[in-house]
Amino acid sequence: MTAGLPFRLARTSAFAAVCLGLGVAAHAFGGGTVGAPAMGAALGLSFAAAFPLSRRERTVGAILPLLGGLQVVMHLLFSLAYAASPIAATGHAHSGLVPGLGMLVMHGWAIGLTALWLARGEALLWGLLRRLAVRLLVVLLPVIRAPFPAPCMAEPPVFRSAVLRHVVSGRGPPMVVETR
């Protein structure tokens, strides 16, 4: 299942906004300031890097390196913009372009958690779209008579946690258990 242009633009915009927000927040927590030109350049860079990958669903394995690389580039961009500003004085969490260990750890945590969050959002969004597509086909299939036999359309399975798979319910009517 691939995405159309409006859907790709919306997903790419969301990714670029999250990436920019993460970079600006991390830089501000470190004591730096970010000017509007640097934010605009970072947003455009994030959008341009993410758009080619927005055609289909992405997992953590694709989101994490992209987010990590963009955060490194944004860190350098924001540091250069901050160093060139007249406000640049002492008080920033690092000197020059080389971050300290604390900043690397915080960037790593933020990138990892954001990548997991975005990957989970991707999975939920694409699962919802697949379900809607199947239900729409089930509703429209009797109306549209195709000259060729249609493949069997089944709703995707609902994934449950492994812990709940083996729970025995002793109350109420018998539960129907699907085995696959």
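Residues numbered from 1 in each chain as written. Predicted model: local features only at pLDDT ≥ 70, side-chain atom pairs only at ≥ 80, totals over all residues. Heavy atoms only, no water.

1. Digging into the confidence of the model for the protein
Reasoning step 1: Per-residue pLDDT for the protein averages 77, and the proportion of residues at 70 or more is 69%.
Reasoning step 2: Looking at the elements of the protein, mean pLDDT is at its lowest for helix α5 (residues 162–165), recorded as 61, and at its highest for helix α2 (residues 36–50), recorded as 91.
Reasoning step 3: Here residues 88–92 scores under 50 on pLDDT; set against residues more than four positions off or in separate chains, the count is 10 contacts. (pLDDT = per-residue confidence, 0-100. Helix = DSSP H or I, 4+ residues; strand = E, 2+ residues; numbered from the N terminus. Contact = heavy atoms within 4.5 Å.)

2. What about a nonpolar patch on the surface?
Reasoning step 1: On the surface, Val-60, Leu-64, Leu-101, Val-105, Met-106, Trp-109, Leu-113 and Leu-116 cluster together to form a nonpolar patch covering roughly 820 Å² of accessible area.
Reasoning step 2: Elements with a minimum of two residues in the nonpolar patch: α3 (60–84) and α4 (101–140). (Patch = residues over 30% accessible without salt bridge, like charges linked within 9 Å, V, L, I, M, F, W, Y side chains within 5 Å. Areas by Shrake-Rupley, 256 points an atom, 1.4 Å probe, with all protein chains shown as cover. Salt bridge = Lys/Arg side-chain N within 4 Å of Asp/Glu carboxyl O.)

3. A short note on the side chain of Thr-12
Reasoning step 1: Mapped onto the secondary structure, Thr-12 falls in helix α1 (residues 5–29).
Reasoning step 2: At a separation of 2.7 Å, a polar atom in the side chain of Thr-12 contacts the main-chain carbonyl oxygen of Arg-8.
Reasoning step 3: Setting aside its immediate chain neighbours within four residues, Thr-12 contacts Phe-47, Ala-50, Phe-51 and Ser-54. (Polar contact = N/O pair within 3.5 Å; in protein donor to acceptor, adjacent residues only side chain to side chain.)

4. Comments concerning the nonpolar core
Reasoning step 1: In this structure, Phe-15, Ile-63, Leu-67 and Phe-78 are the most contacted members of the largest nonpolar core, which totals 17 residues.
Reasoning step 2: Elements represented by at least two residues in this core include exactly α1, α2, α3 and α4.
Reasoning step 3: Other than its neighbours up to four places away in sequence, Leu-67 contacts Phe-15, Cys-19, Ile-111, Thr-114 and Ala-115. (Core = buried A, V, L, I, M, F, W, Y, C linked by side-chain atoms within 4.5 Å. Buried < 20%, exposed > 50% of the residue type's maximum accessible area, 1.4 Å probe, protein only.)

5. Remarks on the pattern of salt bridges
Reasoning step 1: Evaluation of the coordinates by the stated rule reveals 2 salt bridges.
Reasoning step 2: Between Glu-122 and Arg-11 there is a salt bridge, and its shortest N-O distance comes to 2.7 Å. On the criterion of sequence distance, the pair formed by Glu-122 in helix α4 and Arg-11 in helix α1 is long-range, its members being 111 residues apart.
Reasoning step 3: Note that Glu-57 and Arg-130 form a salt bridge whose closest N and O atoms lie 3.3 Å from each other. Separated by 73 residues along the polypeptide, Glu-57 in the loop between α2 and α3 and Arg-130 in helix α4 bring together distant segments of the chain.
Reasoning step 4: For Glu-57, a relative accessible area of 26% puts it in the partly exposed group.

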